[in-house]
Amino acid sequence: MLEPSLELYGETFDKVEVFLDELISSSHARYALIIDLKGFVLAHHRALWAPKPPSLDSMATLIASNYSANMAIAKLFGENGFKEMVQKGDEIGVYAQELGAQALLVTVFDNSAALGRVKLFSKKTVDLINQAIGENTEARPNLDFDDNWQVSSEALLDGLFGTGKQ
Amino acid sequence: MSTINFSAREINFKIVYYGPGMSGKTTNLKKIYEQVPADAKGEMVSLATEDERTLFFDFLPIDLGKVNGFKTRFHLYTVPGQVFYNSSRKLILRGVDGVVFVADSSPKRLRANAESLRNLRENLQEYNLNLGEIPYVIQINKTDLPDALPAEMIKQVLAPKGDIQFFEAVAQEFKGVREPLRAVSQLVFEKLAQKA
């Protein structure tokens, strides 16, 4: 089975890119990412002035895992989950908020941005993204994962790991 | 469930290395990390205790390359093997596409292998998944131990029907490390091609 975590493609994706850009400029955040709960990056934006981010794969995996762990903690107390997550260090903060059932909007900010402002604009962005996805009438791109695709993928595997034959 | 990112033109697969404590799951990932060219791998992340036992997970992203204009990516995870970290193991199984079960050849660990496999089945059920429907293979690791059990005996305990692919390994020496990963990847591709 092959499913997108969020219906992000075509015009909807273009709109979401604009929303992430606006989130960064309005909140003065460094980076804004949409990640799925498996830890894959779906979209990301970086402020022009921001330094190069750490590995996005690592960031997404750790934040998604942290979210899952927090959900499990919430359930220990009979809660359905925590709706948002905030981490704040001496300089860097991370704010994550649910986006649909399978994704998170993550905003990374530094001391030049106020947490309240980050929260406010993140929530607004989640609403805008949900609205854009809800209004989407565009059909999903058609994909063909047939036998040829499988053969080509396996050839790539051999290229990376070898065939295992001595 | 495999996930697709239309905008980035990526297909993503999550492969989890499961098995009892100290069976060599982290060693597998470390050896794969050493083997894969720098341009095809990301950082390896390990959330471990001070004595280097896995606390939450190890993580290694790998880019396979492009097919039909789509980049194929693997996220490899290990789970903590120690019995009392079951909550962490459950979390890591979210969205799993394939499993490499790493069994330990030591006679003292035969029961631990069986219990870990049972634990895997139970934890998958939390996500309404059945091990029989998920691509999975078994690696019998540490076959170089002087008192290693015969692979056939371990097979009889873990998969008596003989319907699962087994691979003998000495992960520490990179023997039998790539084969199970390749095999489970093939199974994942087959499943996707069938369902697409």
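Structure shown above.
Everything quoted here is computed from the prediction, not taken from an experiment. (Residues numbered from 1 in each chain as written. Chains lettered and ligands numbered in written order. Predicted model: local features only at pLDDT ≥ 70, side-chain atom pairs only at ≥ 80, totals over all residues. Heavy atoms only, no water.)

J.: An account of the overall build of chain B is requested, with residue identities and associated values reported.
T.: Counting secondary structure elements, chain B contains five helices and eight strands. Secondary structure elements of chain B occur, N-terminal to C-terminal, as β-β-α-β-β-β-α-β-α-β-α-β-α. Principal-axis analysis of the C-alpha atoms places the extent of chain B at approximately 50 × 35 × 30 Å. The proportion of buried residues among the 196 residues of chain B is 56%. Here chain B holds 26 positive side-chain charges and 23 negative ones, and the gap between their average locations is 3 Å. (Helix = DSSP H or I, 4+ residues; strand = E, 2+ residues; numbered from the N terminus. Buried < 20%, exposed > 50% of the residue type's maximum accessible area, 1.4 Å probe, protein only. Lys, Arg positive; Asp, Glu negative; His and termini not counted. Charge placed at Lys NZ, Arg CZ, Asp CG, Glu CD.)

J.: Talk me through the sheet that holds strand β6 (residues 103-110) of chain A; I want residue IDs and the actual numbers.
T.: Residues and elements named next belong to chain A. Spatially, five strands are ordered β3-β2-β6-β5-β4 in an open sheet, and the strand pairing comes out antiparallel. The open sheet has two edge strands, β3 (41-46) and β4 (84-88), and neither has a second partner. Pairwise comparison of adjacent strand axes, ignoring direction, gives a mean angle of 15 degrees for this sheet. Contacts from helix α2 (residues 56-76) reach β2 (31-36), β3, β4, β5 (92-99) and β6, with the element oriented near 65 degrees to β2. Running over the sheet, helix α3 (residues 115-135) touches β2, β4, β5 and β6 and is turned about 30 degrees from β5. (Pairing = 2+ DSSP bridges. Axes fitted to C-alpha atoms, helices over the stretch in contact; angles between N-to-C directions. Contact = heavy atoms within 4.5 Å.)

J.: Tell me about the nonpolar core, residues and numbers included.
T.: Counting 39 residues, the largest nonpolar core has A:L6, A:L8, A:L33, A:I34, A:I35, A:I63 and A:V106 as its most contacted members. With 35 residues, the next largest nonpolar core counts B:F6, B:L29, B:V67 and B:V188 among its residues. (Core = buried A, V, L, I, M, F, W, Y, C linked by side-chain atoms within 4.5 Å.)

J.: Summarise the pattern of salt bridges; cite the residues concerned and give the values.
T.: In total, this model carries 13 salt bridges over all chains according to the counting rule given. In this structure, B:D97 and A:K38 form a salt bridge, with 3.2 Å as the shortest nitrogen-oxygen distance. Placement of the pair is B:D97 in the loop between α2 (86-92) and β6 (98-104) and A:K38 in the loop between β2 and β3, with the two residues belonging to separate chains. Each member of the pair, B:D97 together with A:K38, is buried. Between B:K155 and B:E152 there is a salt bridge whose closest N-O contact spans 3.3 Å. (Salt bridge = Lys/Arg side-chain N within 4 Å of Asp/Glu carboxyl O.)

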